[in-house]
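Listed here are the chains, written in short residue letters.
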Amino acid sequence: MGIHETRLEAVAARIEGADDPARWRDWRWQLRNSLTTLDAVEEALGIEFDAAERVLLEETLQQFPLSVTPYYLSLIDTGDFRNDPVFRQALPSDEEIVVEEHDMVDPLAEDQDSPVPLITHRYPDRVLFRVSNTCSMYCRHCTRKRTVGDRDCVPTTEELADALDYIRATPGVRDVLLSGGDPLMLSDDRLDEILSALDAIEHVEVVRIGTRMPAVLPYRITDEFCEMLRRHRPVWLNTHFNHPKELTPDAEEALARLADAGVPLGNQTVLLAGVNDCSRIMLRLVQRLVANRVRPYYLYQCDLSEGLSHFRTPVGKGIEIVESLIGHTSGFAVPTYVVDAPHGGGKIPVMPNYIVSWASDRVVLRNYEGVICTYREPDRYKRAACNEECDDCERSVAAGCRGHESSGVAGLMRECDPVEALVPSTNERHQRREGVSADE
Ligand SMILES: *Cc1c(COP(=O)(O)O)cnc(C)c1O
């Protein structure tokens, strides 16, 4: 019997009804028996918080509620629970009530990019669709922490219909990301309905589901659920493992079911101080993920949401981790490290530097080992033939330009564009110039 099974049994023995394996593996039983108070957690784990700590933790729970499934709780190492990565993700810390100067309620400005309730339309060809506002476990590092446990936020049938109408009426949307909360809190039937509605929209080519269930409640991934997914347009699924210890035999079984059902799997990890901010932990995590047919997709820098300051690492830590992975392990095991830009700028990839120097005829590069080499640029370069007849090109040509349209920094590279520089609206030098010309 592995350590995992021993702990499962220890916790199961202390929760009523949990010693019955059929119940334990029933996701609805797990939800009904989620632990939401410090007393229940103390009892189930056989631990005790000290009195002064208790007062602060209770205060924290007033602002940010607690909920954890018996399954996820059972992964905690009670011998050293304060340093346990599962404990730190599931149970409150008194540091959560510290609000720092830079913290924001909605750091990603998701509300401002929301044309209708439940939809965030930030990127040209894809939308985020929050189909559920609850989760099986309240992650202490949740970026939408402020709305957690807010019952009024459960999407209504009308809101769901309005969101679907928006997608139907917006032909540019080819990718719909079901998010939340956790979409898998909905029943299979409800999800089936939403997926069917999306199937019927011709311009929607891909649907993605973002869910933490494989990590925190793997029994949600039933055969029936996988069968249901098979009946729809390609559905990709991104899950959320943060630590190798979360890849238990039960979690691995859930991932295998999904992969066997033909669902391409990705993983999004949040870089968290005290949980996974270590190159070795991250190497083990990504290697275990790919061994389970899950492609590490993004590594997120922790957002500037209120109550998360104790989880934040310097960006340099993320770069250091990615640098320790690139070249050292399989390319497809390396996630893209991103900072989700405050104010809704979207995800910005951040990479270690590999270009040492660059001249017109050569570029000097260094590899993961520190070896420095020269790549000779081609003497002659002929680009892909283009008859400028595709839709995108025709639009550009009509606007007096050549080739594919681009704006922002990339737009500066277009020969036809009258814009040659992007200047912040508050630039003093430019304001002075405008002031002078107004006087004349
Ligand atoms: C992350 C995100 C997406 C998806 O972005 P990808 O880079 O395609 O994974 C879409 N919309 C919003 C608002 C997002 O935050």
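Residues numbered from 1 in each chain as written. Predicted model: local features only at pLDDT ≥ 70, side-chain atom pairs only at ≥ 80, totals over all residues. Heavy atoms only, no water.

Our focus in this paragraph is the overall build of the protein chain. Counting its secondary structure elements, the protein chain contains 17 helices and twelve strands. In terms of overall dimensions, the protein chain is globule-like: its C-alpha atoms have a radius of gyration of 25 Å, near the 22 Å expected for 440 residues. Taken along the three principal axes of its C-alpha coordinates, the protein chain extends 80 × 50 × 50 Å. Sorting the 440 residues of the protein chain into buried and exposed places 46% on the buried side. (Helix = DSSP H or I, 4+ residues; strand = E, 2+ residues; numbered from the N terminus. Rg over C-alpha atoms; globule rule 2.2 N^0.38 Å. Buried < 20%, exposed > 50% of the residue type's maximum accessible area, 1.4 Å probe, protein only.)

Looking now at the state of the cysteines. Disulfide: a covalent bond connecting the sulfur atoms of a pair of cysteines. Per the stated rule, a full pass over the model turns up zero disulfides. With no disulfide of its own, C139 lies closest to C142 among cysteine sulfurs, the gap being 6.5 Å. In this structure C139 comes out as buried when scored by relative accessible area, which is 14%. Of all cysteine sulfurs, the one in C135 lies closest to C226, which takes part in no disulfide; the gap is 20 Å. (Disulfide = S-S within 2.5 Å.)

Relative to the elements of secondary structure, R174 occurs in the loop between α8 (157–168) and β3 (175–179). Between the C-alpha atoms of R174 and L198, which are 24 residues apart in sequence, the distance is 10 Å. Setting aside residues no more than four positions away along its own chain, R174 makes contact with D125, H203, V204, E205 and V206. (Contact = heavy atoms within 4.5 Å.)

Moving on to the nonpolar core. Judged by nonpolar contacts, the single largest core of 91 residues is most densely connected at F129, I167 and L178. Taken domain by domain, the makeup of this core includes at least three residues from each of domain 1 (3–97) and domain 2 (119–349). Sequence-distant contacts of F129, defined by excluding residues within four places in its chain, comprise L118, I119, L160, A163, L164, I167, V176, L177, L178, S179 and I194. Counting residues in each nonpolar core, the second largest holds nine residues, with L272, Y298, C302 and L308 among its members. (Core = buried A, V, L, I, M, F, W, Y, C linked by side-chain atoms within 4.5 Å. Domains from an automatic or database assignment.)

Residue G180 is joined to G181 through a cis peptide bond whose omega torsion reads 15°. With respect to the secondary-structure elements, G181 resides in the loop between β3 and α9 (188–199). Look at L118: it is not a glycine, yet its phi comes out positive at around 80°. With respect to the secondary-structure elements, L118 resides in the loop between α7 (85–90) and β1 (119–123). By relative accessible area, L118 is classed as buried at 9%. Look at R293: it is not a glycine, yet its phi comes out positive at around 65°. Along the polypeptide, R293 turns up in the loop between α13 (279–291) and β7 (294–300).

This brings us to the side chain of N292. Within the secondary structure layout, N292 lies in the loop between α13 and β7. According to the relative accessible area criterion, N292 is buried, its value standing at 12%. Within the structure, the side chain of N292 is placed 2.8 Å from the backbone oxygen of R288, a separation counted as a polar contact. N292 has contacts with L247, E252 and L255, leaving out every residue within four places of it along the chain. (Polar contact = N/O pair within 3.5 Å; in protein donor to acceptor, adjacent residues only side chain to side chain.)

All right, on to the sheet that holds β7 then. Taking strand neighbours across the sheet as the criterion, the nine strands line up as β1-β2-β3-β4-β5-β6-β7-β8-β9 in an open arrangement whose pairing is mixed. Each end of this open sheet is capped by a strand with a single partner; those strands are β1 and β9 (346–349). For this sheet, the mean inter-axis angle between neighbouring strands, taken without regard to orientation, is 30°. Of the strand pairs in this sheet, strand β2 (residues 126–130) and β3 are connected by five bridges, and their pairing is parallel. What sits directly across from R126, in β3, is D175. Running at roughly 160° to strand β8 (residues 336–341), helix α14 (residues 315–325) makes contact with β7 and β8 of the sheet. (Pairing = 2+ DSSP bridges. Axes fitted to C-alpha atoms, helices over the stretch in contact; angles between N-to-C directions.)

To continue, consider the domain arrangement of the protein chain. Structurally, the protein chain comprises domain 1 (3–97), domain 2 (119–349), domain 3 (353–381) and domain 4 (390–439). Inter-centroid distance (C-alpha atoms) of domain 1 to domain 3 is 52 Å.

You can see S132 is positioned in the loop between β2 and α8. A polar contact of 3.1 Å, which involves the side chain of S132, links it to the backbone oxygen of D182. In contact with S132, other than residues within four places in its own chain, are P155, S179, G180, G181, D182, P183, M185 and L186.

A separate point is the packing of aromatic side chains. For the structure on display, the rule yields seven aromatic pairs. Taken together, a centroid distance of 6.3 Å and an interplanar angle of 40° make the contact between F49 and F87 tilted. A residue pair is termed long-range when its members are at least 10 positions apart, and F49 in the loop between α4 (38–45) and α5 (51–63) and F87 in helix α7 qualify at 38 residues. What makes F87 buried here is its relative accessible area of 6%. Their ring planes at 35° and their centres at 4.1 Å tell us that Y297 and Y298 sit as a pair that is tilted. (Phe/Tyr/Trp six-rings, centres within 6.5 Å; stacked < 30°, edge-to-face > 60°.)

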